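A look at the structure
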Amino acid sequence: MSTKAQKAKFFAIQTNHGSIVRPPNGDTVSLPGVSALLTQQMYRILLRSAAALIVAAVFWNLVISLTTLRLPKIERDGPFGPHYQPNSLHVHGSEGFAWIRHDEFGFNNPSGAIANRGNESERTIVVLGDSFTEALQVPRPLNFCSLLEDQLESSTVINLGMSGRSMCDALMFSDSLRERLEPDRVIVQCRIDDWLEDATNPVKDFFITPSDSEFSIVSNDSETQALKLKKDQFISIAPFIGWSYLRIRSLGLSKNSFLPGNLKPKKKVAVSKETTVRPEIAPEFKNLIDWQISELIDRYGNQLLTILYIDEISIPAGLTETPADSPLESYLFAACQEAGIDVLRTREAFLDALRNEHSPPTGFANSVPGRGHLNRIGHQKVSALLSRYLKTLNL
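Computed from a prediction, not measured in an experiment: that's the story for all the values here.

Rules used in this analysis
- Residue indices follow the written sequence of each chain, beginning from 1 at its first position.
- In view of the model being predicted, local features appear only for residues whose pLDDT reaches at least 70, and side-chain atom pairs are presented and counted only at 80 or more, with totals across whole chains, interfaces and linings using the full set of residues.
- With hydrogens and water set aside, each side-chain value is computed from the structure's full complement of heavy atoms.
- Strands qualify as paired when DSSP identifies two bridges or more between them.
- In this text, helices come from DSSP runs of H or I with a minimum length of four residues, and strands from runs of E with a minimum of two, each type numbered from the N-terminal end.
- Only protein chains enter the accessibility calculation, which uses a 1.4 Å probe; a residue whose area is less than 20% of its type maximum is buried, one above 50% is exposed, and one in between is partly exposed.
- The contact criterion used is simple: two residues touch if any of their non-hydrogen atoms lie within 4.5 Å.
- Detection works on a 1 Å grid of protein atoms alone, calling trapped sets that fit a 1.4 Å probe cavities and calling open sets with protein on both sides within 12 Å along at least five of seven lines pockets, with lining residues defined by an atom within 4 Å of a point.
- Grid points are joined across faces, edges and corners, and a volume is the space filled by probe spheres set on the points.
- We call Asp, Glu, Lys and Arg charged. Ala, Val, Leu, Ile, Met, Phe, Trp, Tyr, Cys and Pro are nonpolar, and the rest, Gly among them, are polar.
- In these notes, a set of buried Ala, Val, Leu, Ile, Met, Phe, Trp, Tyr and Cys residues joined through side-chain atoms within 4.5 Å is what counts as a nonpolar core.
- Basic side-chain nitrogens of Lys or Arg form a salt bridge, by our definition, when they fall within 4 Å of a carboxyl oxygen of Asp or Glu.

Moving on: the sheet that holds strand β8 (residues 98-101). Spatial ordering of the open sheet is given by β4-β7-β8, a layout of three strands whose pairing is antiparallel. At either end of the open sheet lies a strand with only one pairing partner, and these are β4 (69-70) and β8. Examined bridge by bridge, β4 and strand β7 (residues 89-92) share two bridges and lie antiparallel to one another. Looking at the pairing, Leu69 lines up with His92 of β7.

Here we come to helix α4 (residues 144-151). Because each turn of an α-helix spans 3.6 residues, side chains separated by three or four positions in sequence point in the same direction. Taken as a whole, α4 has its buried residues at Phe144, Cys145, Ser146, Leu147 and Leu148. Taken together, the buried residues of α4 touch β9 (123-129), α3 (131-134), β10 (155-161), β14 (305-309) and α14 (376-392).

So, about empty space enclosed by the protein. Over the atoms, a rolling probe the size of a water molecule traces out where space has been left empty. Here the structure, examined in full by the defined rule, presents two cavities of 30 Å³ or more. What the largest cavity holds in volume is close to 70 Å³. Every residue lining the largest cavity is listed: Leu128, Gly129, Asp130, Arg165, Ser166, Met167, Asp169, Ala170, Val188, Gln189 and Asp194. Counting only elements with at least two residues in the lining of the largest cavity, the list comes to β9, α5 (167-172) and β11 (185-190). Counting residues per element, the lining of the largest cavity draws most heavily on α5, which supplies three residues. Considered class by class, the residues forming the lining of the largest cavity number four nonpolar, three polar and four charged. There is about 40 Å³ of room inside the second largest cavity. In terms of lining, the second largest cavity is formed by Phe80, Leu128, Arg165, Asp169, Ala170, Phe173, Leu177 and Tyr300. Counted by class, the lining of the second largest cavity contains six nonpolar, no polar and two charged residues.

All right, on to the side chain of Ser88 then. Mapped onto the elements, Ser88 comes out in the loop between β6 (83-84) and β7. Beyond its immediate stretch of four places on either side in the chain, Ser88 contacts Pro72, Ile100, Arg101 and His102.

On to the nonpolar core. One recurring pattern in soluble globular proteins: nonpolar side chains tend to sit buried together. Ranked by size, the top nonpolar core spans 49 residues in total, and within it Leu128, Leu160, Leu177, Trp195, Tyr300 and Leu332 carry the most contacts. For this core, the element with the most residues is helix α10 (residues 283-300), which contributes six residues. Those residues in contact with Tyr300 that lie beyond four places of it in its chain are Leu128, Ala170, Ser174, Leu177, Arg178, Val186 and Leu305. Within the second largest apolar cluster, 23 residues are counted, among which are Val127, Ile187, Tyr389 and Leu395.

Tallying each qualifying case throughout the model produces nine salt bridges. We note a salt bridge from Glu312 to Arg191, for which the minimum N-O separation is 3.6 Å. Taken as a pair, Glu312 in the loop between β14 and α11 (317-320) and Arg191 in the loop between β11 and α7 (197-200) lie far apart in primary sequence, 121 residues in all. Classification of Glu312 as exposed rests on a relative accessible area of 61%. Between Arg299 and Glu295 there is a salt bridge, with the nearest N and O atoms lying 3.1 Å from each other. Here Arg299 pairs with Glu295, and both are found in helix α10, just four residues apart, close to one helical turn. For Glu295, a relative accessible area of 17% gives the class buried. Connected via shared salt-bridge partners are Asp311, Asp325, Arg345 and Arg347.

Printed below as a string of C-alpha coordinates:
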(Lines give C-alpha, C1' and ligand atoms only; values in the text may rest on other atoms or scores of the structure.)
Protein backbone atom coordinates (compact mmCIF):
# COMPACT_ATOMS: atom_id res chain seq x y z
CA MET A 1 0.00 0.00 0.00
CA SER A 2 1.34 3.42 -0.95
CA THR A 3 2.11 6.12 1.55
CA LYS A 4 -0.83 8.21 0.28
CA ALA A 5 -3.23 5.33 0.82
CA GLN A 6 -1.92 4.67 4.35
CA LYS A 7 -2.38 8.34 5.29
CA ALA A 8 -5.90 8.41 3.85
CA LYS A 9 -6.79 5.29 5.87
CA PHE A 10 -5.27 6.80 9.02
CA PHE A 11 -7.42 9.95 8.76
CA ALA A 12 -10.68 8.08 8.21
CA ILE A 13 -13.17 8.08 11.11
CA GLN A 14 -15.53 5.12 10.89
CA THR A 15 -19.14 5.50 11.96
CA ASN A 16 -22.34 3.50 11.67
CA HIS A 17 -23.75 6.01 9.20
CA GLY A 18 -20.72 7.01 7.12
CA SER A 19 -17.17 8.32 7.28
CA ILE A 20 -15.32 11.58 7.35
CA VAL A 21 -12.21 11.21 5.24
CA ARG A 22 -9.37 13.64 5.63
CA PRO A 23 -6.96 13.11 2.77
CA PRO A 24 -3.37 14.29 3.05
CA ASN A 25 -4.16 17.41 1.08
CA GLY A 26 -6.33 18.65 3.99
CA ASP A 27 -9.69 18.60 2.21
CA THR A 28 -12.65 17.23 4.16
CA VAL A 29 -15.30 15.08 2.59
CA SER A 30 -18.58 14.66 4.56
CA LEU A 31 -20.61 11.56 3.99
CA PRO A 32 -24.38 11.27 4.75
CA GLY A 33 -25.48 10.81 8.44
CA VAL A 34 -22.49 12.45 10.11
CA SER A 35 -24.33 15.68 10.99
CA ALA A 36 -27.22 13.73 12.50
CA LEU A 37 -24.80 11.62 14.53
CA LEU A 38 -23.05 14.69 15.97
CA THR A 39 -26.42 16.19 16.92
CA GLN A 40 -27.40 12.97 18.68
CA GLN A 41 -24.10 12.90 20.57
CA MET A 42 -24.60 16.50 21.70
CA TYR A 43 -28.10 15.74 22.97
CA ARG A 44 -26.82 12.69 24.85
CA ILE A 45 -24.15 14.77 26.58
CA LEU A 46 -26.70 17.44 27.54
CA LEU A 47 -29.17 14.85 28.85
CA ARG A 48 -26.48 13.07 30.89
CA SER A 49 -25.28 16.40 32.31
CA ALA A 50 -28.83 17.39 33.24
CA ALA A 51 -29.44 13.99 34.85
CA ALA A 52 -26.19 14.28 36.84
CA LEU A 53 -27.18 17.75 38.08
CA ILE A 54 -30.63 16.53 39.13
CA VAL A 55 -29.18 13.53 40.98
CA ALA A 56 -26.58 15.75 42.70
CA ALA A 57 -29.26 18.32 43.69
CA VAL A 58 -31.52 15.60 45.12
CA PHE A 59 -28.59 14.03 46.99
CA TRP A 60 -27.38 17.30 48.51
CA ASN A 61 -30.93 18.36 49.27
CA LEU A 62 -31.29 15.17 51.32
CA VAL A 63 -27.93 15.64 53.04
CA ILE A 64 -28.61 19.28 53.93
CA SER A 65 -32.13 18.51 55.18
CA LEU A 66 -30.77 15.83 57.55
CA THR A 67 -27.60 17.54 58.78
CA THR A 68 -27.76 21.32 58.33
CA LEU A 69 -31.10 22.91 57.53
CA ARG A 70 -34.68 21.75 57.41
CA LEU A 71 -37.01 24.68 57.86
CA PRO A 72 -40.73 23.93 58.29
CA LYS A 73 -43.34 26.18 56.79
CA ILE A 74 -44.33 29.21 58.84
CA GLU A 75 -48.02 29.76 59.48
CA ARG A 76 -49.39 33.13 60.56
CA ASP A 77 -52.75 32.03 61.95
CA GLY A 78 -52.63 30.69 65.46
CA PRO A 79 -53.76 31.52 68.99
CA PHE A 80 -50.22 32.47 70.01
CA GLY A 81 -49.10 34.21 66.81
CA PRO A 82 -46.99 33.05 63.86
CA HIS A 83 -45.56 29.58 64.32
CA TYR A 84 -44.03 26.70 62.46
CA GLN A 85 -46.12 23.97 60.91
CA PRO A 86 -47.48 21.83 63.79
CA ASN A 87 -45.70 18.53 64.49
CA SER A 88 -43.02 19.36 61.91
CA LEU A 89 -39.35 18.40 62.05
CA HIS A 90 -36.85 21.26 62.30
CA VAL A 91 -33.15 20.60 61.64
CA HIS A 92 -30.77 23.41 62.56
CA GLY A 93 -27.05 22.92 61.95
CA SER A 94 -25.67 26.26 60.79
CA GLU A 95 -25.14 27.42 64.41
CA GLY A 96 -24.95 24.63 66.93
CA PHE A 97 -26.98 21.54 66.02
CA ALA A 98 -30.38 20.13 66.93
CA TRP A 99 -33.23 18.03 65.58
CA ILE A 100 -36.49 19.36 66.99
CA ARG A 101 -40.03 18.12 66.51
CA HIS A 102 -42.42 21.03 67.08
CA ASP A 103 -45.56 20.52 69.14
CA GLU A 104 -49.15 20.65 67.94
CA PHE A 105 -49.04 24.47 68.09
CA GLY A 106 -45.77 24.78 66.15
CA PHE A 107 -43.45 25.68 69.06
CA ASN A 108 -40.43 24.07 70.68
CA ASN A 109 -42.26 22.01 73.30
CA PRO A 110 -42.79 18.28 73.77
CA SER A 111 -45.94 16.99 72.14
CA GLY A 112 -48.95 17.60 74.39
CA ALA A 113 -47.11 19.99 76.74
CA ILE A 114 -49.63 22.78 76.15
CA ALA A 115 -52.79 20.70 75.86
CA ASN A 116 -51.93 18.46 78.84
CA ARG A 117 -50.45 20.89 81.31
CA GLY A 118 -51.30 18.77 84.31
CA ASN A 119 -53.64 19.17 87.26
CA GLU A 120 -54.72 22.39 88.90
CA SER A 121 -52.03 22.11 91.56
CA GLU A 122 -49.31 22.60 88.95
CA ARG A 123 -48.20 26.10 88.10
CA THR A 124 -47.95 27.27 84.50
CA ILE A 125 -45.05 29.49 83.49
CA VAL A 126 -45.09 30.91 79.96
CA VAL A 127 -41.90 32.18 78.35
CA LEU A 128 -42.24 34.59 75.42
CA GLY A 129 -39.30 35.69 73.31
CA ASP A 130 -37.39 35.53 70.07
CA SER A 131 -34.77 33.07 68.80
CA PHE A 132 -32.96 33.11 72.18
CA THR A 133 -36.04 31.51 73.75
CA GLU A 134 -36.85 29.38 70.72
CA ALA A 135 -33.38 27.84 71.14
CA LEU A 136 -32.99 25.86 67.94
CA GLN A 137 -29.22 25.73 68.43
CA VAL A 138 -29.28 23.10 71.19
CA PRO A 139 -31.32 19.92 71.77
CA ARG A 140 -34.61 20.58 73.56
CA PRO A 141 -33.55 19.03 76.92
CA LEU A 142 -30.66 21.53 77.08
CA ASN A 143 -32.54 24.80 76.50
CA PHE A 144 -33.29 27.00 79.49
CA CYS A 145 -37.06 26.37 79.40
CA SER A 146 -36.58 22.60 79.74
CA LEU A 147 -33.86 23.01 82.36
CA LEU A 148 -36.07 25.41 84.31
CA GLU A 149 -38.96 22.96 84.36
CA ASP A 150 -36.62 20.27 85.72
CA GLN A 151 -35.44 22.61 88.48
CA LEU A 152 -38.90 23.68 89.63
CA GLU A 153 -41.37 21.56 91.56
CA SER A 154 -44.87 21.10 90.17
CA SER A 155 -44.48 23.68 87.43
CA THR A 156 -44.92 23.45 83.68
CA VAL A 157 -42.79 25.76 81.56
CA ILE A 158 -44.21 26.53 78.11
CA ASN A 159 -41.84 27.82 75.47
CA LEU A 160 -43.54 30.25 73.06
CA GLY A 161 -40.32 31.62 71.59
CA MET A 162 -40.20 32.30 67.86
CA SER A 163 -37.42 33.78 65.79
CA GLY A 164 -37.99 37.43 64.92
CA ARG A 165 -40.48 38.21 67.67
CA SER A 166 -40.49 41.48 69.59
CA MET A 167 -42.48 43.11 72.37
CA CYS A 168 -45.17 43.77 69.79
CA ASP A 169 -45.98 40.04 69.64
CA ALA A 170 -46.22 39.83 73.43
CA LEU A 171 -48.86 42.56 73.28
CA MET A 172 -50.69 41.30 70.21
CA PHE A 173 -51.60 37.85 71.56
CA SER A 174 -51.92 38.58 75.26
CA ASP A 175 -55.68 37.94 75.41
CA SER A 176 -55.46 34.53 73.74
CA LEU A 177 -52.46 33.57 75.86
CA ARG A 178 -54.13 34.41 79.17
CA GLU A 179 -57.43 32.84 78.18
CA ARG A 180 -56.02 29.54 76.90
CA LEU A 181 -53.05 29.00 79.21
CA GLU A 182 -54.06 30.84 82.42
CA PRO A 183 -50.40 31.37 83.37
CA ASP A 184 -49.17 31.94 86.88
CA ARG A 185 -46.21 33.86 85.51
CA VAL A 186 -45.33 35.34 82.11
CA ILE A 187 -41.63 35.81 81.38
CA VAL A 188 -40.83 38.02 78.40
CA GLN A 189 -37.28 37.54 77.10
CA CYS A 190 -35.91 40.55 75.26
CA ARG A 191 -33.02 42.76 74.22
CA ILE A 192 -33.10 46.49 73.64
CA ASP A 193 -33.81 46.06 69.91
CA ASP A 194 -37.05 44.23 70.74
CA TRP A 195 -38.39 47.49 72.20
CA LEU A 196 -37.25 49.71 69.35
CA GLU A 197 -36.16 48.62 65.85
CA ASP A 198 -37.72 45.15 65.92
CA ALA A 199 -40.96 46.39 67.42
CA THR A 200 -41.42 49.05 64.74
CA ASN A 201 -40.00 47.16 61.76
CA PRO A 202 -42.66 47.26 59.00
CA VAL A 203 -41.31 44.01 57.54
CA LYS A 204 -42.46 42.06 60.60
CA ASP A 205 -45.81 40.24 60.77
CA PHE A 206 -46.93 42.78 63.38
CA PHE A 207 -45.35 46.11 64.20
CA ILE A 208 -46.00 49.25 66.21
CA THR A 209 -46.64 52.50 64.40
CA PRO A 210 -47.43 56.04 65.63
CA SER A 211 -51.11 56.92 65.49
CA ASP A 212 -51.93 60.56 66.28
CA SER A 213 -50.53 61.10 69.78
CA GLU A 214 -50.54 57.39 70.63
CA PHE A 215 -49.19 54.17 69.15
CA SER A 216 -51.00 51.20 67.65
CA ILE A 217 -50.21 47.67 66.52
CA VAL A 218 -50.58 46.99 62.80
CA SER A 219 -50.94 43.60 61.10
CA ASN A 220 -48.70 43.39 58.05
CA ASP A 221 -50.71 42.26 55.02
CA SER A 222 -48.53 43.95 52.42
CA GLU A 223 -47.17 42.41 49.23
CA THR A 224 -43.69 42.48 50.74
CA GLN A 225 -44.85 40.25 53.58
CA ALA A 226 -46.52 37.88 51.12
CA LEU A 227 -43.24 37.59 49.21
CA LYS A 228 -41.39 36.96 52.47
CA LEU A 229 -43.75 34.09 53.31
CA LYS A 230 -43.27 32.63 49.84
CA LYS A 231 -39.50 32.85 50.27
CA ASP A 232 -39.71 31.00 53.61
CA GLN A 233 -41.90 28.34 52.02
CA PHE A 234 -39.42 27.94 49.15
CA ILE A 235 -36.56 27.48 51.62
CA SER A 236 -38.60 24.82 53.44
CA ILE A 237 -39.11 22.94 50.16
CA ALA A 238 -35.52 23.27 48.89
CA PRO A 239 -33.14 23.09 51.91
CA PHE A 240 -29.99 23.04 49.74
CA ILE A 241 -30.90 26.30 48.00
CA GLY A 242 -32.14 27.78 51.28
CA TRP A 243 -28.90 26.88 53.06
CA SER A 244 -26.88 28.44 50.23
CA TYR A 245 -28.97 31.60 50.49
CA LEU A 246 -28.48 31.84 54.26
CA ARG A 247 -24.74 31.29 53.97
CA ILE A 248 -24.39 34.02 51.37
CA ARG A 249 -26.50 36.36 53.49
CA SER A 250 -24.34 35.60 56.54
CA LEU A 251 -21.32 37.01 54.71
CA GLY A 252 -22.80 40.42 55.36
CA LEU A 253 -23.24 41.30 51.73
CA SER A 254 -25.64 44.15 51.19
CA LYS A 255 -26.61 46.30 48.30
CA ASN A 256 -23.75 48.61 49.23
CA SER A 257 -21.30 45.75 48.57
CA PHE A 258 -21.97 46.00 44.87
CA LEU A 259 -21.78 49.79 44.53
CA PRO A 260 -18.79 51.53 42.98
CA GLY A 261 -16.32 52.83 45.53
CA ASN A 262 -17.28 56.47 45.10
CA LEU A 263 -20.95 55.70 45.81
CA LYS A 264 -20.46 53.61 48.95
CA PRO A 265 -21.41 55.27 52.25
CA LYS A 266 -18.46 56.66 54.10
CA LYS A 267 -17.36 54.68 57.14
CA LYS A 268 -17.80 56.29 60.52
CA VAL A 269 -14.62 57.44 62.17
CA ALA A 270 -13.92 55.66 65.44
CA VAL A 271 -13.88 57.93 68.50
CA SER A 272 -11.90 57.11 71.61
CA LYS A 273 -13.79 56.30 74.79
CA GLU A 274 -12.34 59.35 76.57
CA THR A 275 -13.86 61.78 74.07
CA THR A 276 -17.16 59.96 73.48
CA VAL A 277 -20.23 61.91 74.52
CA ARG A 278 -23.41 59.89 74.91
CA PRO A 279 -26.31 61.53 73.12
CA GLU A 280 -29.57 62.27 74.84
CA ILE A 281 -32.41 59.82 74.24
CA ALA A 282 -34.80 61.03 71.59
CA PRO A 283 -38.28 61.76 73.00
CA GLU A 284 -39.92 59.40 70.50
CA PHE A 285 -37.87 56.50 71.92
CA LYS A 286 -38.93 57.36 75.45
CA ASN A 287 -42.56 57.56 74.39
CA LEU A 288 -42.36 54.24 72.57
CA ILE A 289 -40.84 52.44 75.57
CA ASP A 290 -43.32 54.04 77.98
CA TRP A 291 -46.26 53.05 75.78
CA GLN A 292 -45.14 49.41 75.58
CA ILE A 293 -44.63 49.19 79.34
CA SER A 294 -48.07 50.70 79.93
CA GLU A 295 -49.64 48.21 77.51
CA LEU A 296 -47.86 45.27 79.12
CA ILE A 297 -49.23 46.23 82.52
CA ASP A 298 -52.75 46.69 81.12
CA ARG A 299 -52.68 43.29 79.41
CA TYR A 300 -50.78 41.19 81.96
CA GLY A 301 -50.47 43.18 85.18
CA ASN A 302 -47.14 43.89 86.86
CA GLN A 303 -47.80 41.10 89.39
CA LEU A 304 -47.82 38.53 86.57
CA LEU A 305 -45.02 39.84 84.38
CA THR A 306 -41.24 39.45 84.48
CA ILE A 307 -38.73 40.81 81.97
CA LEU A 308 -35.76 38.56 81.17
CA TYR A 309 -33.06 40.73 79.60
CA ILE A 310 -30.31 38.93 77.65
CA ASP A 311 -27.14 41.01 78.01
CA GLU A 312 -24.51 40.98 75.29
CA ILE A 313 -21.02 40.10 76.53
CA SER A 314 -18.18 40.56 74.07
CA ILE A 315 -14.83 38.78 73.96
CA PRO A 316 -12.15 39.66 74.98
CA ALA A 317 -13.49 42.90 76.52
CA GLY A 318 -15.74 40.97 78.91
CA LEU A 319 -12.73 39.27 80.51
CA THR A 320 -11.56 42.48 82.12
CA GLU A 321 -14.32 45.07 81.70
CA THR A 322 -17.94 45.14 82.78
CA PRO A 323 -19.97 46.52 79.89
CA ALA A 324 -21.80 49.73 80.65
CA ASP A 325 -25.50 50.12 79.92
CA SER A 326 -26.47 52.24 76.96
CA PRO A 327 -28.69 55.27 77.66
CA LEU A 328 -31.67 53.41 76.20
CA GLU A 329 -31.03 50.38 78.40
CA SER A 330 -30.73 52.55 81.50
CA TYR A 331 -33.99 54.29 80.67
CA LEU A 332 -35.75 50.94 80.01
CA PHE A 333 -34.66 49.44 83.34
CA ALA A 334 -35.62 52.57 85.27
CA ALA A 335 -39.03 52.70 83.58
CA CYS A 336 -39.72 49.04 84.38
CA GLN A 337 -38.68 49.55 88.00
CA GLU A 338 -40.95 52.56 88.29
CA ALA A 339 -43.84 50.53 86.84
CA GLY A 340 -43.23 47.70 89.31
CA ILE A 341 -42.08 45.15 86.71
CA ASP A 342 -39.27 42.81 87.78
CA VAL A 343 -36.28 42.75 85.41
CA LEU A 344 -33.84 39.83 85.46
CA ARG A 345 -30.51 40.50 83.79
CA THR A 346 -28.03 37.86 82.66
CA ARG A 347 -24.94 40.12 82.72
CA GLU A 348 -23.44 38.92 86.00
CA ALA A 349 -24.15 35.26 85.23
CA PHE A 350 -22.57 35.55 81.78
CA LEU A 351 -19.51 37.36 83.13
CA ASP A 352 -19.09 34.62 85.74
CA ALA A 353 -19.15 31.97 83.01
CA LEU A 354 -16.60 33.87 80.97
CA ARG A 355 -14.20 34.87 83.75
CA ASN A 356 -14.39 32.01 86.22
CA GLU A 357 -15.43 29.06 84.07
CA HIS A 358 -13.59 30.28 80.97
CA SER A 359 -16.60 29.41 78.84
CA PRO A 360 -18.42 32.01 76.74
CA PRO A 361 -22.21 31.73 77.15
CA THR A 362 -22.79 32.28 73.43
CA GLY A 363 -21.32 30.80 70.26
CA PHE A 364 -20.58 27.28 69.07
CA ALA A 365 -17.84 25.19 67.50
CA ASN A 366 -19.33 25.83 64.05
CA SER A 367 -19.80 29.57 64.66
CA VAL A 368 -17.92 32.37 66.44
CA PRO A 369 -17.41 31.81 70.20
CA GLY A 370 -18.80 34.69 72.20
CA ARG A 371 -21.23 35.75 69.51
CA GLY A 372 -24.67 34.65 68.38
CA HIS A 373 -27.14 32.60 70.40
CA LEU A 374 -26.94 30.88 73.76
CA ASN A 375 -24.93 27.68 73.93
CA ARG A 376 -25.20 24.95 76.56
CA ILE A 377 -23.42 27.09 79.18
CA GLY A 378 -25.59 30.11 78.41
CA HIS A 379 -28.82 28.13 78.80
CA GLN A 380 -27.62 26.70 82.10
CA LYS A 381 -26.87 30.19 83.42
CA VAL A 382 -30.27 31.53 82.35
CA SER A 383 -32.19 28.60 83.82
CA ALA A 384 -30.34 28.91 87.14
CA LEU A 385 -31.12 32.65 87.24
CA LEU A 386 -34.81 32.05 86.56
CA SER A 387 -35.00 29.15 88.99
CA ARG A 388 -33.65 31.17 91.91
CA TYR A 389 -36.02 34.02 91.11
CA LEU A 390 -39.17 31.90 90.69
CA LYS A 391 -38.49 29.95 93.88
CA THR A 392 -38.62 33.20 95.80
CA LEU A 393 -42.15 33.60 94.38
CA ASN A 394 -43.07 30.04 95.47
CA LEU A 395 -43.45 28.90 91.88
